[in-house]
Amino acid sequence: MEELSRYYALLKDPTRRKIVEILGEQEKIGFKELRETLGLGVGTVYYHLDMLSDFIEQDKQRKYRLNAKGQMLYRVLKDGNVPASLGISETLGPRTAKWLFLSPLFALTVKPLRLLPVSAAILVLGAFGASLARLEPALFFYFEYSVRSPTSIMVLFIFNWVGLFLFTEALSYTFFKRVGNDLQLFTCVGLAALPMAVFPYVYMAVPNLLETLNLYGWELMETVREIILVIFQIWSTLLVSAAVCHGKGLRLDKGIIISLTALYLNIAVLFMLGRFT
């Protein structure tokens, strides 16, 4: 029963059902042919193949085929034992989780040029906000009262996220041997910068908000700002995980490994630079 439930969960997504059907009918197929048949981007196809990794294998020619478990999965599908309710895809879970991970936006990056201007606008928005708030950006962190010029702050913000793109690209290859699809990954990383791009504006709005609520005190203001920053850091880390999933076609657990590695390295570098003292 547990095994059958797992089959149902995997067959929940129409793309994975299609992949299983193709492999069940054709026995084996190359990646390029499979991608053309599905009409999807490289990262999206890799993602679904990764989700089906326990049920497929590759032969000596690197062609995909169903293994023994995959054949059982195909029979479940072929026998019509999949509940009709699974016809609606909920790839990343409930609707709230979808928007938490910005899944509807990330899904559009299959054609990256469509959302590349949005991604670039988010980076510019964050860079401008950081310069207005006099916050020195350090990827997932900000430091108050920067002595840098506004232009330097803007350049530093954009440089941080371009650097994160290059870092995730390198880790995707080092850890999981994923190459290509660079423009989609860059677009996704830009979208993942949204929380950190919005934070400077929230930072500047906090004093006025507290005054409106008749709440005063320097310590209270700083505490509220710190709490908001932590929330945005967590959200941005999750979005970077989702960006790697969509940009490199990895499962979310693997995307989280890459995003947490980036976060830990970010913290380690700042410690070595004495920014937390």
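Fair warning: this is a prediction, and the values are worked out from it, not measured in the lab.

### Details of the packing of aromatic side chains
So, point 1. Summed over the entire model, instances satisfying the criterion amount to 11 aromatic pairs.
So, point 2. Between Phe140 and Trp161, the aromatic rings sit 5.9 Å apart at their centres with planes inclined by 75°, giving edge-to-face as the arrangement. In this pair, Phe140 sits in the loop between β4 (136-138) and β5 (141-143) while Trp161 sits in helix α9 (residues 150-176), placing the two residues 21 residues apart along the sequence.
So, point 3. Each ring, one from Phe143 and one from Phe276, has its centre 6.1 Å from the other, and the planes form 45°; the classification is tilted. Separated by 133 residues along the polypeptide, Phe143 in strand β5 and Phe276 in the segment after α13 (252-272) bring together distant segments of the chain.

### Considerations on the side chain of Glu169
So, point 1. Mapped onto the elements, Glu169 comes out in helix α9.
So, point 2. By relative accessible area, which is 18% here, Glu169 ends up buried.
So, point 3. Look past the residues within four positions of Glu169 in its chain and what remains in contact with it is Gly180, Asp182, Leu185 and Lys248.

### Things to note about the environment of Phe199
So, point 1. Relative to the helices and strands, Phe199 resides in helix α11 (residues 194-212).
So, point 2. Overall, the relative accessible area of 3% leaves Phe199 in the buried class.
So, point 3. Spatially, the C-alpha atoms of Phe199 and Ile228 are 7.9 Å apart, while their sequence positions differ by 29 residues.
So, point 4. For Phe199, the residues in contact, after removing those within four places along its chain, are Leu135, Tyr142, Arg225, Ile228, Leu229 and Phe232.

### Re the packing of α9 against helix α12 (residues 218-248)
So, point 1. With their axes 11 Å apart at the nearest point, α9 and α12 run at an angle of 55° to one another. The orientation of α9 relative to α12 falls into the category oblique. Considering the relative orientation of α9 and α12, their crossing is right-handed. Contact residues: α9 offers Trp161, Leu164, Thr168, Glu169 and Ser172, while α12 offers Ser236, Val240, Val244 and Lys248.
So, point 2. Looking at the contact of α9 with α12 residue by residue, the class counts come to 4 nonpolar, 3 polar and 2 charged.

### Some details on the pattern of salt bridges
So, point 1. Considering all chains together, one arrives at 11 salt bridges under this definition.
So, point 2. Among the ionic pairs, Asp182 bridges to Lys248, the shortest N-O distance being 3.6 Å. Of this pair, Asp182 sits in helix α10 (residues 182-192) while Lys248 sits in helix α12, and the two are 66 residues apart along the sequence.
So, point 3. Taking relative accessible area as the criterion, Lys248 reaches 2% and is therefore assigned buried.
So, point 4. Residue Arg225 is joined to Glu222 by a salt bridge in which the shortest nitrogen-to-oxygen separation is 3.3 Å. A residue pair is termed a helical-turn pair when its members lie 3 or 4 positions apart in one helix, as Arg225 and Glu222 do in helix α12 at 3 residues. Across the pair, Glu222 and Arg225 agree in class, each one buried.

### Topic: the environment of Phe176
So, point 1. Mapped onto the elements, Phe176 comes out in helix α9.
So, point 2. Sequence-distant contacts of Phe176, defined by excluding residues within four places in its chain, comprise Leu171, Leu250, Lys254, Ile257 and Ile258.

### Quick notes on a nonpolar patch on the surface
So, point 1. A contiguous nonpolar surface patch, about 350 Å² in accessible area, is contributed by Leu209, Leu213, Leu215 and Leu220.
So, point 2. Topologically, Leu213 is positioned in the loop between α11 and α12.

### Describing the confidence of the model for the protein
So, point 1. Here the protein shows a mean pLDDT of 87. Residues at 70 or above account for 90%.
So, point 2. Every residue in residues 83-93 scores below 50 in pLDDT, and together they form 24 contacts with partners more than four places removed in sequence or on other chains.

### Regarding the environment of Trp218
So, point 1. Looking at the secondary structure, you find Trp218 in helix α12.
So, point 2. Distance in space between the C-alpha atoms of Trp218 and Pro207 is 9.1 Å, their sequence separation being 11 residues.

### Remarks on the sheet that holds strand β3 (residues 64-66)
So, point 1. Taken together, 3 strands build an open sheet; the order of strands is β1-β3-β2 and the sheet is antiparallel. Looking along the sheet, the strands with just one partner apiece sit at the ends: β1 (28-29) and β2 (56-58).
So, point 2. Bridge count between β2 and β3: 3 bridges; the pairing is antiparallel. Note that in β3 the partner of Gln58 across the bridge is Tyr64.

Calculation criteria
Residues numbered from 1 in each chain as written. Predicted model: local features only at pLDDT ≥ 70, side-chain atom pairs only at ≥ 80, totals over all residues. Heavy atoms only, no water. Phe/Tyr/Trp six-rings, centres within 6.5 Å; stacked < 30°, edge-to-face > 60°. Helix = DSSP H or I, 4+ residues; strand = E, 2+ residues; numbered from the N terminus. Buried < 20%, exposed > 50% of the residue type's maximum accessible area, 1.4 Å probe, protein only. Contact = heavy atoms within 4.5 Å. Axes fitted to C-alpha atoms, helices over the stretch in contact; angles between N-to-C directions. Parallel < 35°, antiparallel > 145°, perpendicular 65-115°, else oblique. Left-handed = near helix turned anticlockwise from the far one by under 90°. Nonpolar A, V, L, I, M, F, W, Y, C, P; charged D, E, K, R; others polar. Salt bridge = Lys/Arg side-chain N within 4 Å of Asp/Glu carboxyl O. Patch = residues over 30% accessible without salt bridge, like charges linked within 9 Å, V, L, I, M, F, W, Y side chains within 5 Å. Areas by Shrake-Rupley, 256 points an atom, 1.4 Å probe, with all protein chains shown as cover. pLDDT = per-residue confidence, 0-100. Pairing = 2+ DSSP bridges.

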